[in-house]
Amino acid sequence: HCAVCHGAMAEATPAWIKPDAEGFYPPPPLNGSAHAWHHPFEQLKKTINHGTSGRMPAWKDQLDDQQVEAVIAWFQSLWPDQGYQIWQRRHPH
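Let us look at the structure shown here.

Reading the values: the criteria
- Residues numbered from 1 in each chain as written.
- Predicted model: local features only at pLDDT ≥ 70, side-chain atom pairs only at ≥ 80, totals over all residues.
- Heavy atoms only, no water.
- Helix = DSSP H or I, 4+ residues; strand = E, 2+ residues; numbered from the N terminus.
- Rg over C-alpha atoms; globule rule 2.2 N^0.38 Å.
- Buried < 20%, exposed > 50% of the residue type's maximum accessible area, 1.4 Å probe, protein only.
- Contact = heavy atoms within 4.5 Å.
- Areas by Shrake-Rupley, 256 points an atom, 1.4 Å probe, with all protein chains shown as cover.
- Disulfide = S-S within 2.5 Å.
- Core = buried A, V, L, I, M, F, W, Y, C linked by side-chain atoms within 4.5 Å.
- Polar contact = N/O pair within 3.5 Å; in protein donor to acceptor, adjacent residues only side chain to side chain.
- Salt bridge = Lys/Arg side-chain N within 4 Å of Asp/Glu carboxyl O.

1. Quick look at the overall build of the protein
- A tally of regular secondary structure across the protein gives four helices and zero strands.
- In terms of overall size, the protein behaves like a compact globule, its C-alpha atoms giving a radius of gyration of 13 Å where 93 residues would be expected to give roughly 12 Å.
- In terms of overall dimensions, the protein has C-alpha extents of about 40 × 30 × 20 Å along its principal axes.
- Taken over 93 residues, the protein has a buried fraction of 30%.
- Sequence-distant contacts in the protein: of pairs separated by 6 or more residues, those separated by 24 or more amount to 45%.
- Entry remark: accessible area of the protein is about 6,200 Å², with carbon and sulfur atoms responsible for 56%.

2. Comments concerning the state of the cysteines
- In this structure the tally under the stated criterion is zero disulfides.
- Cys2 takes part in no disulfide bond, and the closest cysteine sulfur, belonging to Cys5, lies 8.8 Å away.
- Residue class for Cys5 comes out partly exposed when judged on its relative accessible area of 47%.

3. Thoughts on the nonpolar core
- Grouped together as the largest cluster of nonpolar side chains are 15 residues, with contacts concentrated most on Ala36, Leu44, Ile48, Ile72, Phe75 and Trp79.
- Every element with two or more residues in this core is listed here: α2 (41-50) and α3 (65-77).
- Sorting elements by how many residues they give to this core places α3 first, with four residues.

4. Remarks on the environment of Gly54
- By secondary structure assignment, the location of Gly54 is in the loop between α2 and α3.
- In sequence terms Gly54 and Gln88 are 34 residues apart; their C-alpha atoms lie 27 Å from each other.

5. Regarding unusual backbone geometry
- A positive phi angle is found at Ala10, which is not glycine, with a value near 60°.
- Summarising the element assignment, Ala10 is placed in the loop between α1 (3-6) and α2.
- Although it is not a glycine, Ala12 sits at a positive phi angle of roughly 60°.
- Its place among the elements puts Ala12 in the loop between α1 and α2.

6. Focus on the side chain of Asn31
- Relative to the assigned elements, Asn31 resides in the loop between α1 and α2.
- Engagement of the side chain of Asn31 in a polar contact is seen with the side chain of Ser33, the distance being 2.6 Å.
- If sequence neighbours within four positions are ignored, Asn31 has contacts with Met9, Ala10, Glu11, Leu78, Trp79 and Pro80.

7. Digging into the pattern of salt bridges
- All chains considered together, the criterion is met by three salt bridges.
- Among the salt bridges present, the one from Asp20 reaches Arg55, with a minimum N-O distance of 2.4 Å. Highlighted residues: Asp20 in the loop between α1 and α2 and Arg55 in the loop between α2 and α3, separated in sequence by 35 residues.
- The exposure class assigned to Asp20 is partly exposed, which follows from its relative accessible area of 29%.

Here it is in structure tokens:
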């Protein structure tokens, strides 16, 4: 589900930091090179479940809790070790 927009290895597009003609930002990378690691676990789940005010759709009707948590675990596995360790210290759960 995520790879269609975020890339096969969660790398996104190089232009993700620039809004498009409609003012929306492209999907950011989830591989630790953008801001996903700044968000607590519950916020990551909420974003996946409910989407964003931009173009990210809500997945709550397609993915159950276990699948959402598996998605988060997958893209977190792509984060650099140091980034993941910082995330764990900032957002214990």
